Amino acid sequence: MSYLLALVAGLASPLAFAQHDPSALANKGTFIADIVGKMTLDEKIGQLRLISIGPEMPIAQLAQEITAGRVGGTFNSVNRPHNRLLQDAAMKGRLKIPMFFAYDVIHGHRTTFPIGLGLASSWDMDAVRLMARTAAKEAAGDSVDMTFAPMVDISRDPRWGRTSEGFGEDPYLVSEIAKATVQGFQGTLPVPADHIMASVKHFALYGAVEGGRDYNTVDMSPMRMYNEYLPPYRAAIDAGAGGVMVALNSINGVPATSNTWLMQDLLRKDWGFKGVAVSDHGAIVELMRHGVAKDEREAAKLAIKNGIDLSMADSVYLKELPALVKSGEVSMREIDSAVREVLGAKYDMGLFHNPYLRIGVAKDDPPDLDAESRLHRAAAREVARKSMVLLENRGQTLPLAKSKTIALVGPLADAPIDMLGSWSAAGNSKNAVTLRTGLNAAVGTQGRVLYARGANITNDEGIVKYLNFLNWDTPEVTQDKRTPAAMIDEAVAAARQSDVIVAAVGEARGMSHESSSRTSLDLPQSQRDLVTALKATGKPLVLVLMNGRPLALQREQQEADAILETWYTGMEGGHAIADVLFGDYNPSGKLPISFPRSVGQIPTYYNHARLGRPFTEGKPGNYTSQYFEEVTGPLYPFGYGLSYTDFALSDVVLSGATMVRNGKIEAAVTVKNLGQRAGETVVQLYIQDVAASVVRPVKELKDFRRVALQPGEEKVVRFTIDDSKLKFFNAQLQHVAEPGAFNVQIGLDSQAVKQQRFDLQ
């Protein structure tokens, strides 16, 4: 295509085709090697620099740096005119190496979907792909080439603030979501113009930080890593993720950023990863704080030798690598290896073929970045409805009648920014539908909604100051200046005029965020007092939870008549929650993470190791593994979730009592809808290795099916079990399926299961 035709077609900036001979682009390896061979050392090191768009460097100065070959990519800009200017600067450079532009697109871009835990609660890979596909399309339209997602860290300590960003506690479920997310974001390689490259994070084991405290250390046996924490990263890489973001934590005494076993032996050699490795924000310099580098020179040396290709948000490579190469401490081969990965990622993004692939031309720039026409509300609402988990529903309190008078109370009932959740990308709170808006729209003229705030998120001014710092761009964590008693009195007065109370309680989004670890999982005292006062009115009480981690809800479980876990539902959350509360949508979500009874029970996860003196669920006894002060086991188990109808499972039927090596066996159950409403549920397959060479979990999720049934309808659900579902890494880290007995458990959650046994020969 000629330059003129390309310009008319809207594919290029005027500088787009002052670049590389198209005939040379056919072979990626040859093309990249040729470019690397023409580069000076300074140009090579410049390609390893990933900088944040921000006030520390004016855009004109940044453009000069790019033209000089001193920047490889930027992040945090979704401004097409700015990014076009920067790409123009790259096209003026000696070798015309294109820039790439990255952004944290986690659970939506301009259209905000439910947070990670909400997506995982759907157990619906089509819904997950829809989120990622929609987000990629919107981000690509904002000139984004790469996202730092999916975040697939296994999280079993809900004190960790970034629990909200991930997909829960189970290796199999998180692995399935990892694959679906990469597929939705990235598609095939090279990445199509309306997709973006996925960079899986945080490699590795970040969710296992000690004490649930962000940035803390991780100490873990290799066998546990391989069986429980590494599979989701591997799944994302096997799905084709073009990048890996490296974790900030240390692993068994060695920071991930300088961990040769992790980055070279495991990732590159064993797993065959060929993509680009990106440091986390400032992580190379932090090697000094970890105490493994004495100065920036040594930090740069450790990172580059470890295979950290891109240095994010610092200048340590730029400052230190030239002298390290000159002294011979870092070889040119090591520099070239990193440069090849960076250029290879740009090639796979399609940027050497067209540097303006996602930037487009100025005439096509949207006049209003937040225009309603750019949003995908129907998709967001549909996914949000699937993400909610009904935890309690005594006496069929739900669904509500739209003709009733509803008292809507709580600090999260009308909080638009909190609907979006953490890491909301380019989502704008002005576009968020709050629960108050959603209920009013649903009720219309049929009934009444009486609103009262009732309480602040917290009365701790120190916490409020911290939350407003996190919301620096939209400081909406405001405090009602009335006394707590006056606010509760107003809420109680509204409740007494109503038929039912809906209380929206939980956490401000900043309470479930990076660097927002908690020592308590209770509702803040201000909200606990509100709930108790509402309960005392005697009116039916529905709790709508908005939170980014499991909470300790023993007290609320006793006080509420119904509890709906909504997490942070995203832009269309108010409408979606109303759909569920009024029965326009029958909830079908299942928990991707266990809810402990108290913070003292942590960790509480379903697939824990078998013990010589195991606890008995709910029945503390002498000389068993228990806490004597309270009932043992989770308040709500992994995989749990109610519906407005009832489902029943038949006994498990196996196709045989034995399975030959490399063979298969089928497990089947019949699931029936016993109620009067159509609904969906998730049938879950767990397997227990009865006797192995090492201690194995009490059970492990190995498959699941979403099933939709009309009233009275039944379906047979079949699972195929082969060696892959029986394998584990033994003490020698061999991936084996050992002969012996296996229990097949099928249920609608991880506890209430039907069981049969077979033998592997």
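Described below are features of the structure shown in this document. (Residues numbered from 1 in each chain as written. Predicted model: local features only at pLDDT ≥ 70, side-chain atom pairs only at ≥ 80, totals over all residues. Heavy atoms only, no water.)

1. So, the overall build of the protein
Turning to step 1, where the next piece is worked out: A tally of regular secondary structure across the protein gives 23 helices and 27 strands.
Turning to step 2, where the next piece is worked out: Radius of gyration (C-alpha) of the protein: 27 Å, near the 27 Å computed for a compact globule of 761 residues.
Turning to step 3, where the next piece is worked out: A principal-axis box enclosing the C-alpha atoms of the protein has dimensions of 75 × 65 × 50 Å.
Turning to step 4, where the next piece is worked out: Pairs at least 24 apart in sequence give 77% of the contacts found in the protein among residues at least 6 apart. (Helix = DSSP H or I, 4+ residues; strand = E, 2+ residues; numbered from the N terminus. Rg over C-alpha atoms; globule rule 2.2 N^0.38 Å. Contact = heavy atoms within 4.5 Å.)

2. As for the nonpolar core
Turning to step 1, where the next piece is worked out: Counting 123 residues, the largest nonpolar core has F203, L230 and Y317 as its most contacted members.
Turning to step 2, where the next piece is worked out: No other element matches the nine residues that helix α7 (residues 125-140) contributes to this core.
Turning to step 3, where the next piece is worked out: Ignoring sequence-local partners within four residues, the contact set of Y317 consists of I45, L48, I284, A300, A303, I304, I308, D309, S311 and P322.
Turning to step 4, where the next piece is worked out: Counting 76 residues, the second-largest nonpolar core is a separate cluster that includes M419, V492, A508 and L534. (Core = buried A, V, L, I, M, F, W, Y, C linked by side-chain atoms within 4.5 Å. Buried < 20%, exposed > 50% of the residue type's maximum accessible area, 1.4 Å probe, protein only.)

3. Looking at the environment of E176
Turning to step 1, where the next piece is worked out: Within the fold, E176 resides in helix α8 (residues 171-186).
Turning to step 2, where the next piece is worked out: Between the C-alpha atom of E176 and that of A235, which follows or precedes it by 59 residues, the distance is 7.5 Å.
Turning to step 3, where the next piece is worked out: With sequence-adjacent residues up to four places away left out, E176 is seen in contact with M125 and F704.

4. As for the sheet that holds strand β13 (residues 448-452)
Turning to step 1, where the next piece is worked out: With respect to topology, six strands assemble into an open sheet ordered β11-β16-β15-β14-β12-β13, the strand pairing being mixed. Edge strands, defined here as strands with exactly one partner in the open sheet, are β11 (389-393) and β13. Averaged over neighbouring strand pairs, the angle between their axes works out to 20° when direction is ignored.
Turning to step 2, where the next piece is worked out: Here five bridges tie strand β12 (residues 405-409) to β13, and the two strands are oriented parallel to one another. In the sheet register, T405 faces β13, and the bridge partner there is R448.
Turning to step 3, where the next piece is worked out: Seen against the sheet, helix α18 (residues 435-443) touches β12, β13, β14 (500-506) and β15 (541-546) and runs at an angle of roughly 165° to β13.
Turning to step 4, where the next piece is worked out: Across the sheet, helix α23 (residues 573-581) touches β14, β15 and β16 (562-565), and the angle it forms with β15 is around 145°. (Pairing = 2+ DSSP bridges. Axes fitted to C-alpha atoms, helices over the stretch in contact; angles between N-to-C directions.)

5. Regarding the pairing of β12
Turning to step 1, where the next piece is worked out: The element β12 is extensively covered by neighbouring structure, given that five of its five residues are classed as buried.
Turning to step 2, where the next piece is worked out: Judged by which residues are buried, β12 turns out to be covered on both faces: T405, A407 and V409 on one side and I406 and L408 on the other are all buried.
Turning to step 3, where the next piece is worked out: Pairing analysis gives four bridges linking β12 to β14, with the strands arranged parallel. By the bridge assignment for β14, A407 is matched with I501.

6. Here's the deal with the sheet that holds strand β19 (residues 658-659)
Turning to step 1, where the next piece is worked out: The five strands lie next to each other as β19-β27-β26-β21-β22, forming an open sheet whose pairing is mixed. Each edge of the sheet is formed by a strand with only one pairing partner; in this case those strands are β19 and β22 (700-709).
Turning to step 2, where the next piece is worked out: For strand β26 (residues 740-747) and strand β27 (residues 753-760), the ladder comprises eight bridges, and the chain directions are antiparallel. Looking at the pairing, G740 lines up with L760 of β27.

7. Points about the pattern of salt bridges
Turning to step 1, where the next piece is worked out: Summed over the entire model, instances satisfying the criterion amount to 55 salt bridges.
Turning to step 2, where the next piece is worked out: Between R555 and E559 there is a salt bridge, with its nearest N and O atoms 3.7 Å apart. Here R555 and its partner E559 are both found in helix α22 (residues 554-559), four residues apart, which amounts to about one turn of the helix.
Turning to step 3, where the next piece is worked out: On the basis of relative accessibility, which here comes to 11%, the residue E559 falls in the buried class. (Salt bridge = Lys/Arg side-chain N within 4 Å of Asp/Glu carboxyl O.)

8. Side note on the packing of helix α9 (residues 222-229) against helix α10 (residues 231-238)
Describing two packed helices takes the angle between their axes plus the distance from one axis to the other.
Turning to step 1, where the next piece is worked out: Closest axis-to-axis distance for the α9/α10 pair is 6 Å, and the angle between their directions is 55°. With respect to α10, the axis of α9 lies oblique. The residues of α10 that touch α9, namely those facing M225, Y226, N227, E228 and Y229, are P231, P232 and Y233.
Turning to step 2, where the next piece is worked out: Looking at the contact of α9 with α10, its residues break down into six nonpolar, one polar and one charged. (Parallel < 35°, antiparallel > 145°, perpendicular 65-115°, else oblique. Nonpolar A, V, L, I, M, F, W, Y, C, P; charged D, E, K, R; others polar.)

9. Thoughts on the side chain of D348
Turning to step 1, where the next piece is worked out: Inspection of the secondary structure puts D348 in helix α15 (residues 332-348).
Turning to step 2, where the next piece is worked out: Not counting chain neighbours up to four residues away, the residues in contact with D348 comprise K28, L189, P190, V191 and M197.

10. Some remarks on the pairing of strand β20 (residues 664-673)
Turning to step 1, where the next piece is worked out: Here strand β17 (residues 647-649) pairs with β20 via three bridges, running antiparallel. Across the sheet, residue A648 finds its bridge partner in β20, namely K672.
Turning to step 2, where the next piece is worked out: Taken together, the two bridges between strand β18 (residues 653-654) and β20 define a ladder with antiparallel strand orientation. Across the sheet, V653 pairs through a bridge with A668, a residue of β20.
Turning to step 3, where the next piece is worked out: Strand direction decides the pairing type here: β20 and strand β23 (residues 714-722), joined by nine bridges, are antiparallel. When the sheet's bridge partners are listed, V669 is paired in β23 with V717.

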